[in-house]
Amino acid sequence: MWWKLFFLLLYFFMLFILSRLFEAVVWYETGLFATQLVDPVTLSFKKLKTILECRGLGYSGLAEKRDVRELMENSGELMQGELYSALKNENEQMASDSSTTFSGEMHFYELVEDTKDGIWLVQVIAQDRNPLLSTANWSKMVQKVSQFGIRTGTFNCSSDSRYCRKRGWMKSTLIMSVPQTYASKGKVMLKEYDGRRIETEHIFKWMTAHVASRIKTIRFSQQLMDDWYQMEKQPVKMFLFAKLVQPPAFFSTLSIKFTGRIEFIFVDVRNWDNDTCLEEIGVRRMPSYILKTPEGIYRYGNTTGEFISLHAMDTFLRSVQPEVNDLFVLSLVTVNLMAWMDLFITQGATIKRFVVLISTLGTYNSLLIISWLPILGFLQLPYLDSFYEYSLKLLRFADTTTVASWVRADWTFYSSHPALFLSTYLAHGLLIDYFEKKRRCTNEDQNANNLEWLSSLWDWYTSYLVHPIASFQNFESDWDEDPSFLLERLAFPDLWLRPLVPIDYIKNLPTWKFKLTQPTESNQVDHNNRKKQESNPNDVSSFEWESRCYSSEVLHTHEDRSTAKEESGGEEQDNDWSHWPCGMLHCTECVVCLENFETSCLVMGLPCGHVFHQQCIVVWLVGGRHCCPVCRWASYKKRPVTILHPTEHLEPE
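Residues numbered from 1 in each chain as written. Predicted model: local features only at pLDDT ≥ 70, side-chain atom pairs only at ≥ 80, totals over all residues. Heavy atoms only, no water.

Caption draft 1: Highlighting the nonpolar core. One finds Met 141, Met 238, Phe 264, Tyr 289, Met 313 and Leu 317 to be the most contacted residues of the largest nonpolar core, which totals 60 residues. Sort the elements by how many residues they give to this core and helix α12 (residues 310–320) lands first, with six residues. When near neighbours in sequence (up to four residues on either side) are disregarded, Phe 264 contacts Ile 215, Lys 216, Met 238, Phe 251, Leu 254, Ser 255, Phe 258 and Leu 317. By size, the runner-up hydrophobic cluster in this structure holds 22 residues, among which are Leu 509, Trp 580, Cys 590 and Cys 608. (Core = buried A, V, L, I, M, F, W, Y, C linked by side-chain atoms within 4.5 Å. Buried < 20%, exposed > 50% of the residue type's maximum accessible area, 1.4 Å probe, protein only. Helix = DSSP H or I, 4+ residues; strand = E, 2+ residues; numbered from the N terminus. Contact = heavy atoms within 4.5 Å.)

This is the structure in C-alpha cells:
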C-alpha cells in the first residue's frame, strides 16, 4: 500500500509540474498569465454579457456598452482565466439540457422539499393547460440557472392531480424552493412566481431577488463596525464590499450552499461619504471580497485561481471550511486512485491484473467505510470540539498560502479537463508498468498467458473447496486426478473434524534403493577419516563442515546420528551411505513393519529425516496419518534449518 501511495503522490507532483509548464508555454506564446487582469474596454459587448451572466448580474435595462462595462467593474476585476472559463462554459451549456421530470408527490417531496441546502426551480403544468414557458424559453432558463447550481424540474399535474389540488396549483406556474432558516438542514419554503412578464431575464431577476434577501445587507458604517467586531457563534464570515443594488447571483447561491458554516454579508457602499471605517478594517478598493476568520482577514482574488465565479469561490470556501462529506469524498477519490495503481503494478496476465484490481478496490473501499464509522462517532462527542476547532484553524492557515492557491487552481483546471487528467494518469501507470517489468525481469510468471493463469486460479479454488488448510500452504497445488475424491471424502463422518491434506506431496518425497555392501580398504579409510572429523570438528574447515553436514534443507543433529547407529546395531560401517540423500538419518530398520532393509529394496524419507520402506510409509500416509511415525513431524511440511557453528561440539545424551 505504501508503494501505491508513493506512486500517487508522485503523480500529483507531476501534475503540479505539468501545470506550471502549461502556464510557461501560454506565457511564451501569448505573453499572458491566467492571473493577468483584462481591460473591459477591449472586450466586445457579447463577451461582457457572458461575464455578467456567469456572475449572475442582470443587464436587461442596460443598452449601452459603457453601462454594461461599469456593472462588470463594480462586481469585481476580470482575469484572463475567468474569461477563458466563462467562454468555455458557455459553449458547454449550449449542448447540455438537464431537467428532472417528477412522477408524483413522493418524488417531488424527496427531491425538492427534503433538500435542505439547495435551490429548485420547478415548472408546474396544470391539468389540461399549456406550460407557462414554452419549450425553447424553458431550455434557456435551465441553461441560465444551472451554472449557479440551481436544479430544475417539471411537474405535470396530469400524473398526480390530487397533489396539485392540495397545493392549489390550478394554473400553470413556476415554483422556487429555498431554505427558510439560516440553520443547516432547515425547513424549505416554496415561492410561486407572480409576475406578469414571462421573459427569461425577468424570471431570473425575480429568483435572484428572493435568494439575495437571505443575505445580511449592511448599508451604514456604524452597522458595519458593530457587526465587524461582534463576537458571534459563527467565526467565519464572507464580506462583499461593492457598489451594487444587490449581490451577484453566484454570491447568493453560495450563501445557501454554506448555510451553517460561513455567514455571507453584503455591504452596499454606494451612498457612503466617510471611508474611514473601511480603511480601519483594511478595505482599500472596491469591490472587495474579504474572508474574516478568527486568525485574521484574507482578501480573495489576489492569488492564482481566485476568480469571481461560482466554481472558483466554491472550491476556495470548501478548502477553508470543509464539512465531513467533503473530507469523505476526498478520501474516497484518493483511495480509489491508489487502488487503480494495482492495474499497473501487478505483472502477468491481463485477466490477473483485473482480478487483482477488483479485489483491491473492494478491500480498500470496505476498509475506508469501516474506518469512517468510528470517526463519525467521535466527531459527535462534545469533548472533541476543541480538537475540531484547532484542526480547522490549522487547515485555514494552510489553505490561505500561495501553494494552496496553486493546488486549487490545478484542481479547477484538471476537473474542467477530465480527458487530460485521465490521459496523464494512464501515461503515469504505463511508466510504472515498464519499470516494474524491468525490476521483475527474473520472474517467470510475468509472461504467463490468460488461460494459464485462469487454470492455476481454478486449481487453487477447487483445492480450497476440498482441502482448505493445504490450499493456503501451497497455492500451486494440483487437483486430484480422480474426480470421485470428494464423494469418497463425504462418506467419512469426520470430514470436518480433521484437516484435509492432499496426498500429492507423496510423489515428491525422496525415494531410493537401499544397498548393503562390504567396506573396501578405501571406504574404510574414508570411514575412519569421517569419524575422526566428526569427533574433532576443530580440525575441519568451516566450509567443509557446513557443506558435509548441513547442506540439506532438513538437517539432523549428532543425537539423531547416535540414535540411528544404536538402532542399526552399530553396523553403519557395513552399509553404503553414499547414495543416501543428504539430511536423511542412517538406519537399517523400518519402524512401521519392524523389519530390516534388504538389499535393493525401495526406501522413502520424510522431511524430518527418518527413513522407512516405501510401501509401508505410503500406506501410513494415505490412511490419513500425515505425520512421521517416529517424531510426529508433519510429512508435508519442511523442517526448519538450524545451522550450528563448526566449533560447537554435539554431545549425545
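Caption draft 2: Main features of the state of the cysteines. Summed over the entire model, instances satisfying the criterion amount to one disulfide. Cys 590 forms no disulfide, and the closest cysteine sulfur to it belongs to Cys 593, at a distance of 3.9 Å. The buried category is assigned to Cys 590, whose relative accessible area is 0%. Looking at the unpaired Cys 601, the closest cysteine sulfur is the one in Cys 590, lying at 9.1 Å. (Disulfide = S-S within 2.5 Å.)

Caption draft 3: Structural context of the pairing of strand β9 (residues 288–293). Among the six residues in β9, six count as buried, and that is most of the element. Every second residue of β9 is oriented toward a common face, with Ser 288, Ile 290 and Lys 292 on one face and Tyr 289, Leu 291 and Thr 293 on the other, all of them buried. As defined by bridge partners, strand β7 (residues 237–242) adjoins β9 across five bridges and the pair is classed as antiparallel. Across the sheet, the residue bridging to Lys 237 is Lys 292, located in β9. (Pairing = 2+ DSSP bridges.)

Caption draft 4: Highlighting the pattern of salt bridges. Applying the stated criterion across every chain, the model contains 19 salt bridges. Ionic pairing is found between Asp 268 and Arg 219, a salt bridge with its closest N-O pair at 2.9 Å. With Asp 268 in strand β8 (residues 263–268) and Arg 219 in the loop between β6 (216–218) and α9 (221–228), the pair connects residues that are 49 residues apart, well separated along the chain. The class of Asp 268 is buried, set by a relative accessible area of 5%. Of the residues examined, Arg 219 reaches a relative accessible area of 39% and is grouped as partly exposed. For the salt bridge of Arg 396 with Glu 295, the shortest nitrogen-to-oxygen distance reads 3.1 Å. Residue Arg 396 is found in helix α16 (residues 385–399), and its partner Glu 295 is found in the loop between β9 and β10 (296–300); the two are separated by 101 residues along the sequence. Each of Lys 257, Arg 261, Asp 314, Arg 318 and Asp 326 takes part in one network of salt bridges that share partners. (Salt bridge = Lys/Arg side-chain N within 4 Å of Asp/Glu carboxyl O.)

Caption draft 5: View of the layout of surface pockets. Counted as a void, the largest pocket has a volume near 1,700 Å³. Lining the largest pocket are 46 residues, and of these Ser 319, Asp 326, Leu 330, Val 407 and Trp 411 sit closest to its centre. Elements with a contribution of two residues or more to the lining of the largest pocket: α1 (2–30), α12, α13 (324–340), α15 (350–379), α16, α17 (402–416) and α18 (418–439). In terms of residues, the lining of the largest pocket owes the most to one element, α13, which gives nine residues. Of the residues contributing to the lining of the largest pocket, the split by class is 28 nonpolar, eight polar and 10 charged. (1 Å grid on protein atoms, 1.4 Å probe; cavity = no way out; pocket = protein on both sides within 12 Å on 5 of 7 lines; lining within 4 Å. Points joined across faces, edges and corners; volume = space filled by probe spheres on them. Nonpolar A, V, L, I, M, F, W, Y, C, P; charged D, E, K, R; others polar.)

Caption draft 6: Structural context of the packing of aromatic side chains. All told, the structure shown has 34 aromatic pairs when counted by the stated rule. Ring pairs connect the aromatic residues Phe 250, Phe 251, Phe 264, Tyr 289, Tyr 298, Tyr 300 and Phe 316, which therefore count as one cluster. The ring centre of Phe 16 lies 4.7 Å from the NZ or CZ of Arg 20, which sits over that ring. When the ring centre of Trp 228 is taken as origin, the NZ or CZ atom of Lys 292, which lies over that ring, is 5.6 Å away. (Phe/Tyr/Trp six-rings, centres within 6.5 Å; stacked < 30°, edge-to-face > 60°. Lys NZ or Arg CZ within 6 Å of the ring centre and 35° of its normal.)

Caption draft 7: Expanded view of the sheet that holds strand β14 (residues 602–605). Spatially, β11-β14-β15 is the arrangement adopted by the three strands of the open sheet, whose pairing is antiparallel. Taken across any chain shown, the strands that pair with only one partner, and hence form the sheet edges, are β11 (511–513) and β15 (611–613). Strand-to-strand twist in this sheet, taken as the mean axis angle between neighbours without regard to direction, amounts to 35 degrees. For β11 and β14, the ladder comprises three bridges, and the chain directions are antiparallel. (Axes fitted to C-alpha atoms, helices over the stretch in contact; angles between N-to-C directions.)

Caption draft 8: Geometry of the sheet that holds strand β2 (residues 120–125). One open sheet holds the five strands; their spatial order is β1-β3-β2-β4-β5, and the pairing between them is mixed. Both outer strands of the open sheet, β1 (100–102) and β5 (188–192), are each paired with one neighbouring strand and no more. Sheet twist, expressed as the mean angle between neighbouring strand axes with direction ignored, is 25 degrees. Of the pairings in the sheet, the one linking β2 to strand β4 (residues 173–179) comprises five bridges and is antiparallel in character. Within β4, the position partnered with Trp 120 by the bridge is Ser 177. Helix α5 (residues 105–113) contacts β1, β2, β3 (151–156), β4 and β5 of the sheet and is inclined by roughly 135 degrees relative to β1. Those strands touched by helix α6 (residues 135–146) are β2, β3 and β4, and its axis lies near 145 degrees from that of β3.

Caption draft 9: Just α13, in detail. Taking 1.5 Å per residue, 17 residues should reach 24 Å; α13 reaches 24 Å between its end C-alpha atoms and fits that length. Turning to α13, its buried residues are Asp 326, Ser 331, Val 335, Asn 336, Leu 337, Met 338 and Ala 339. Residues of α13 that are buried make contact with α1, α12, α14 (342–345), α15 and α18. (Expected span 1.5 Å × (residues − 1).)

Caption draft 10: Up close: the environment of Glu 105. Position of Glu 105 among the secondary structure elements: in helix α5. For the pair Glu 105 and Cys 157, spaced 52 residues apart in sequence, the C-alpha separation works out to 10.0 Å. Once you skip the residues sitting within four places of it in the chain, Glu 105 turns out to touch Phe 155, Asp 160, Arg 162, Tyr 163 and Lys 166.

Caption draft 11: Region of interest: a nonpolar patch on the surface. A cluster of nonpolar side chains, namely Trp 3, Phe 6, Leu 10, Phe 13, Met 14, Ile 17, Leu 21, Leu 431, Tyr 434 and Phe 435, defines an oily patch on the protein surface of about 1,100 Å² accessible area. Taken together, the elements giving at least two residues each to the nonpolar patch come down to α1 and α18. When residues in the nonpolar patch are grouped by element, the largest group, seven residues, is from α1. Looking at the secondary structure, you find Trp 3 in helix α1. (Patch = residues over 30% accessible without salt bridge, like charges linked within 9 Å, V, L, I, M, F, W, Y side chains within 5 Å. Areas by Shrake-Rupley, 256 points an atom, 1.4 Å probe, with all protein chains shown as cover.)

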